[in-house]
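Chain and residue survey
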Amino acid sequence: MHWCQHALTQLCRHAGAKEICLRLSNGFSAYSNGTGVITTSTAFSGVGTPEVADEVIAATAATFLDNEWQDSWGERPQTPTFRCEFAVDKSTACQEELLVLPGGPKHVFENIAEFCPQECRRMYGLVKGTPAEKDNSKLQEALLVTHRPKLRAGCVACGTPCLLRRCDVHTAGSPCTDHSILGLQAKFAGKNAKHFYLWASLCKLLQHRLIVHENDKAFGVLELSGAFGDMYFLARTVSDVATFGWPIHRERQYCFLVHREWFFLHFMVDPAAQQLWDNERFATAFCFQSVIDVAFQRICNYT
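We now turn to the structure provided with this report.

Calculation notes
Residues numbered from 1 in each chain as written. Predicted model: local features only at pLDDT ≥ 70, side-chain atom pairs only at ≥ 80, totals over all residues. Heavy atoms only, no water. Helix = DSSP H or I, 4+ residues; strand = E, 2+ residues; numbered from the N terminus. Buried < 20%, exposed > 50% of the residue type's maximum accessible area, 1.4 Å probe, protein only. Polar contact = N/O pair within 3.5 Å; in protein donor to acceptor, adjacent residues only side chain to side chain. Arc of directions from axis to C-beta. Contact = heavy atoms within 4.5 Å. Pairing = 2+ DSSP bridges. Axes fitted to C-alpha atoms, helices over the stretch in contact; angles between N-to-C directions. Parallel < 35°, antiparallel > 145°, perpendicular 65-115°, else oblique. Nonpolar A, V, L, I, M, F, W, Y, C, P; charged D, E, K, R; others polar.

1. Re the environment of Arg83
When you line up the elements, Arg83 lands in strand E2 (residues 81-88). On the accessibility criterion, Arg83 (44% relative accessible area) is partly exposed. Within polar-contact distance, the side chain of Arg83 engages the side chain of Glu85 at 2.8 Å.

Next comes the structure, spelled out in structure tokens:
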């Protein structure tokens, strides 16, 4: 829990305890829609790091509010419960970890390819004896524009086909090897682009409120903007793990996508003013990069 405590301490030094308490209160209320429960999900899930982080955030935030909240600010806000609805990962080792993880997902799906539309299975390389389509622009068009992905697939946790459902917060780190300087740097001409396009088509169909997408810095935002730009606001942050106290340099990007309709409704933006909001104004208003820089920076005397 130390990283979360450190982040809250740093933010309080920067903005004051009252401001951070009120922002926590408003944020929890917004994403739980006043229910006290924030539903989450992950794709390319790994061993459940987001789920563990959610539990840490909830516990640390509860302690923080207990210690810092003052009666003069009103009634102490309820700390939400995070409930993970589903995870998707093709690794059997990761699936096994997810199935026994405290606070882990209700549903565990084996492979994102299971949600590929029937019409795209040949192009995706899922038909035995037929090679996958090499022109990724055709896959992009088929998956993001022409065909709808499936929402039901076999669930390892239940042993039966189960349905993907919309969540408040969805976290994913699509394969990064095509963008890494240690890989072939094929980028969106590489073999993993199809997994990103299928994932994006699922997210557009489900319309989660908040999507957090993590990848190599070289991934950029053009493909994310192309897939989600008409439906989501997008803010990009870039971080180097060296600033978090690690003795290496590794730059990653974290893109935050917030559903436009939900944003306008929650913040009661006048319809006449909605056209004035774009990604730049959105990112500036919520200071994503500044918050991460302040919250997680650590000074270490490593050699």
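2. Quick word on helix H6 (residues 136-146)
Where H6 is concerned, the buried positions are Asn136, Leu139, Ala142, Leu143 and Leu144. What you see down the axis of H6 is that its buried residues fit within an arc of 165°, all on one side. In this fold, the buried residues of H6 make contact with helix H5 (121-124), helix H7 (193-206) and helix H8 (222-228).

3. Quick notes on the sheet that holds strand E8 (residues 232-240)
Reading across the sheet, the 7 strands line up as E3-E2-E1-E6-E7-E9-E8 and stay open at both edges, with mixed pairing between neighbours. Only two strands of the sheet have a single partner each, and these edge strands are strand E3 (107-109) and E8. Each strand of the sheet is rotated relative to its neighbour by a mean of 20°, with strand direction disregarded. Where strand E7 (residues 210-216) and strand E9 (residues 251-259) come together, 7 bridges link them in antiparallel fashion. Bridge assignment links Leu210 to a residue of E9, and that residue is Val258.

4. Describing the packing of helix H1 (residues 2-15) against helix H2 (residues 17-32)
Put simply, H1 and H2 touch, their axes get as near as 7 Å, and they point 120° apart. On the basis of the axis angle, H1 is oblique to H2. Residues Leu8, Leu11, Cys12 and Ala15 of H1 form the contact with H2, whose participating residues are Ala17, Glu19, Ile20 and Leu24. Residues of the contact of H1 with H2, tallied by class, amount to 7 nonpolar, no polar and 1 charged.

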